[in-house]
Amino acid sequence: QSYKVGERDFRNQVVIIKRSKPDMILCYGFGSDLPFLVGTLREQNVFEGIFITGPIGVADAIPSETTKPFIGMYYFGPTFMLNEYEERNPEYKSFKTRYIKKYGAEKFALSAVYAYDTLKLIAKSIVSSNTTDPSVLQKEIITKHNKGLAGNYYFDDLGNSNPSVGLAYIEKDGSVKMIKEFK
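If you're wondering where the values come from, they're calculated on a predicted model, not measured in any experiment.

### Points about the pattern of salt bridges
Thought 1: Scanning all chains against the criterion turns up five salt bridges.
Thought 2: Glu 86 is paired through a salt bridge with Lys 96; the nearest N and O atoms lie 2.9 Å apart. Within this pair, whereas Glu 86 is found in helix 4 (residues 83-88), its partner Lys 96 is found in helix 5 (residues 90-103), the two being separated by 10 residues in sequence. The burial state of Glu 86 is the same as that of Lys 96; both residues are buried.
Thought 3: Glu 140 is paired through a salt bridge with Lys 144; the nearest N and O atoms lie 3.3 Å apart.
Thought 4: Owing to a relative accessible area of 56%, Lys 144 belongs among the exposed residues under this scheme.

### Structural notes on the pairing of strand 8 (residues 176-182)
Thought 1: The sheet contact formed by strand 7 (residues 165-170) and strand 8 spans six bridges and is antiparallel. Along strand 8, the bridge assignment pairs Ala 168 with Met 178.

### With respect to the packing of helix 5 against helix 6 (residues 110-129)
Thought 1: Where helix 5 contacts helix 6, the axes come no closer than 11 Å and their chain directions differ by 120°. Seen along the crossing, helix 5 lies across helix 6 with a hand that is right-handed. Side by side, helix 5 and helix 6 meet where Glu 91, Tyr 92, Phe 95 and Tyr 99 of the first sit next to Ala 112, Val 113, Tyr 116 and Lys 120 of the second.

### Some details on the nonpolar core
Thought 1: Membership of the largest hydrophobic core comes to 18 residues, with the highest contact counts inside it found for Leu 37 and Leu 41.
Thought 2: Elements with a minimum of two residues in this core: helix 1 (11-20), strand 1 (24-27), helix 2 (34-43) and strand 7.
Thought 3: Take this core: its biggest share by element is four residues, from helix 2.
Thought 4: Listed in part, the 14 residues of the second largest apolar core include Met 81, Phe 108, Ala 112 and Val 113.

Parameters and conventions
- Residues numbered from 1 in each chain as written.
- Predicted model: local features only at pLDDT ≥ 70, side-chain atom pairs only at ≥ 80, totals over all residues.
- Heavy atoms only, no water.
- Salt bridge = Lys/Arg side-chain N within 4 Å of Asp/Glu carboxyl O.
- Helix = DSSP H or I, 4+ residues; strand = E, 2+ residues; numbered from the N terminus.
- Buried < 20%, exposed > 50% of the residue type's maximum accessible area, 1.4 Å probe, protein only.
- Pairing = 2+ DSSP bridges.
- Axes fitted to C-alpha atoms, helices over the stretch in contact; angles between N-to-C directions.
- Left-handed = near helix turned anticlockwise from the far one by under 90°.
- Contact = heavy atoms within 4.5 Å.
- Core = buried A, V, L, I, M, F, W, Y, C linked by side-chain atoms within 4.5 Å.

Read these as layout, nothing more, since geometry by itself doesn't imply function.
Have a look at this one:
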C-alpha cells in the first residue's frame, strides 16, 4: 500500500492490509509518518506478525519520539543511530550532544550526520591534495579520508558510498538491540 509523505490517517491502507492477513509486514516509510502508521496497525490488531521497516523510518523517528511506538519491530538502519555505537565512539557522541543542544532532538536525523561527514571528508581531501579536481578528490576520499562520524564509508567500483547498516530489534522495554551489522 502506498501513501503520501505527511499522511496521518492510515485507516484505508490498514483495512486493506488486515483483509490480506499478512504473515509479515514490510514497510518503507518516513520517520514523521511511521508512528501514525504503526499506531493504526496496532489499533486494528494487524501487528501480530513480523514488522520490518527501512532505515529512514524508525531511525529518523526515534530521536524525536520514544521507541514505544516501535516495540517489537525489526528495522534496518545506520549503526550510528544505536546506543552501542554512540558509547564506543566519543566523537560521534560529542557531535550528537552539541547538535541536539543547538537545534533540538527533533532535528537530529540521519541527514545531519551524513552532511557533516560529507563536508569533513571533502575538506580533508582538498587540504591533503591541495586541489579541487573531482577525480583527485574521489581518490583521496576512497583511499585516505573515508572515516566519518557514521563510521567507515566503503565504495564500490563506481565510487558509490556504502556505509554500514545494521539489523536491529526494539525490545519490550524500548531499548534497541543490534542483531547484526552489515558492512
